[in-house]
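# Inside the fold
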Amino acid sequence: MTAVIHPATDQSPQSPASALVCRNCGASYPLGAQHACFECFGPLEIGYDAERLSRVTRESIAAGPHSIWRYAGLLPAGQNAATRVDSGTGMTPLIRADRLADRLGFTAPLWVKDDSANPTHSFKDRVVSVAITAARELGFTRIACASTGNLANSVAAHAARIGMDSIVFIPSDLEAAKITQTAVYGGKLVAIQGSYDDVNRLCSELAETDEFESTAFVNVNVRPYYAEGSKTLGYEVAEQLGWRLPQQVVAPMASGSLLTKVHKAFKELQSIGLVDPLDYRVYGAQSSGCSPIAVAFETGSDTVLPVKPTGIAKSLNIGNPADGPYALDAVRSTGGAMAHVNDDEIRDGIQLLAETTGVFAETAGGVTTAVLKRLIEAGSLDTSRETVIYNTGDGLKTQDAVSDRVGPTAVIAPTLKGMRAAGLL
Ligand SMILES: *Cc1c(COP(=O)(O)O)cnc(C)c1O
Ligand SMILES: [Zn+2]
């Protein structure tokens, strides 16, 4: 491997991160822009100093900003206010979904963590806020990504906010709204004639070139930092529940990273004593058009076989998911389950969530809602246990998914007669 390693320059004493650790063989490396193990090519993740993590208290968190940066003491970047990029990401609503609970037969509380409320309307603002902060701390001057849509929106917006150059790579067949919502921020946007997996492969090659030496690809060379941003989805739910864990969580999976990091966050909160121990279960959701992780779960396999993605849940269309095996581990070790649903069920899921909670989700949220229903029907998710489902994106980004199914009740003349003719009076 010839990757240029940018050494960590910010040795801020409060940073709890201590090393990059190989998730496969356990080898450990100094903090910096490295994502693969030199020994076994396994993926690296941030390792923490347990003592420094345990300095964080409920009070120190409550005294922090109303954003993900209240958890800076548990994150690998952003301890230094001068480099921290705070776009107001996080502290999104945790909505008590009583009407959805009734519809699905819950006797315990059901909640929707609505991450469509983030600045660029998806959960990706969490991972990008951490990644761009780490990129600045590591001395990078440009930010980039390989995206299925939402990441593109978020990287371009964060770069615009701080005036950093950006170059974003997407598959050319993305939803029009996601292309517009990236291009409007003014950075470079490159549409690739190929799938997300092709885009990702190109970005991995580019990250090794001299021309891209000063470019941080958020989900390639600074991926260990990026991935930690998803932990805040776990911390926030615990804090919003009054510092306790839910018994069951359902999360959508693309690479599988988000799900594994919610699990990591719950374990950390228990180990540093911010919540009482609880045997929670983690459940994973995919669309049938791209379900390599859920299929491995169903067949009892440890091997995630790559697929060619199809279907409307484009933000989840990663055919070769980097964190698939770790997502399987998280779900199996907690006694959870996985399922996948087809495009019509995804549309049903979007409508069910909208009609019962007032939350209009993008296709990924339709996947999660439909999988919740499926898991209940299969008897693998317990409706007598408190449950949180994650809505990770905004329905305004993927309106085509349901625009054929919904519309005006009637189109009428502006008169009482018109109302009567339509049977509304
Ligand atoms: C990226 C994304 C996810 C999950 O991504 P992972 O790669 O599994 O971390 C979920 N929902 C939406 C809307 C996304 O954009
Ligand atoms: Zn290794």
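Small disclaimer: the values here were computed from a predicted structure and weren't measured.

### Observations regarding the overall build of the protein
Helices and strands together make up the secondary structure of the protein, namely 16 helices and 13 strands. Each principal axis of the C-alpha atoms in the protein carries an extent, and together these give about 75 × 45 × 45 Å. The proportion of buried residues among the 425 residues of the protein is 59%. For the protein, the share of sequence-separated contacts (at least 6 apart) that also reach a separation of at least 24 residues comes to 72%. For the protein, the computed accessible surface area is about 16,700 Å², with 51% contributed by carbon and sulfur atoms. Positive and negative charge centroids in the protein, built from 36 and 45 side chains respectively, lie 5 Å apart.

### A look at the site of ligand 1
Surveying the vicinity of ligand 1 reveals 15 residues, the closest of which are Lys124, Ala254, Ser255, Leu258 and Thr392. A distance of 2.9 Å is found between an oxygen atom of ligand 1 and a backbone nitrogen or oxygen belonging to Gly256. Taking Thr392, its side chain carries an N or O atom lying 2.6 Å from a nitrogen atom of ligand 1. Bound to the protein, ligand 1 loses 96% of the 390 Å² it would expose on its own. Broken down by class, the residue content of the shell around ligand 1 amounts to seven nonpolar, six polar and two charged.

### Concerning the environment of Glu45
Examined against the element boundaries, Glu45 turns out to sit in strand β3 (residues 44-48). Along the backbone, Glu45 and Arg223 are 178 residues apart, and their C-alpha atoms lie at a distance of 8.2 Å. Side chain to side chain, Glu45 and Lys261 meet in a polar contact 2.8 Å long.

Here is what the cut-offs are and how they apply
Residues numbered from 1 in each chain as written. Chains lettered and ligands numbered in written order. Predicted model: local features only at pLDDT ≥ 70, side-chain atom pairs only at ≥ 80, totals over all residues. Heavy atoms only, no water. Helix = DSSP H or I, 4+ residues; strand = E, 2+ residues; numbered from the N terminus. Buried < 20%, exposed > 50% of the residue type's maximum accessible area, 1.4 Å probe, protein only. Contact = heavy atoms within 4.5 Å. Areas by Shrake-Rupley, 256 points an atom, 1.4 Å probe, with all protein chains shown as cover. Lys, Arg positive; Asp, Glu negative; His and termini not counted. Charge placed at Lys NZ, Arg CZ, Asp CG, Glu CD. Near = heavy atom within 4 Å. Polar contact = N/O pair within 3.5 Å; in protein donor to acceptor, adjacent residues only side chain to side chain. Nonpolar A, V, L, I, M, F, W, Y, C, P; charged D, E, K, R; others polar.

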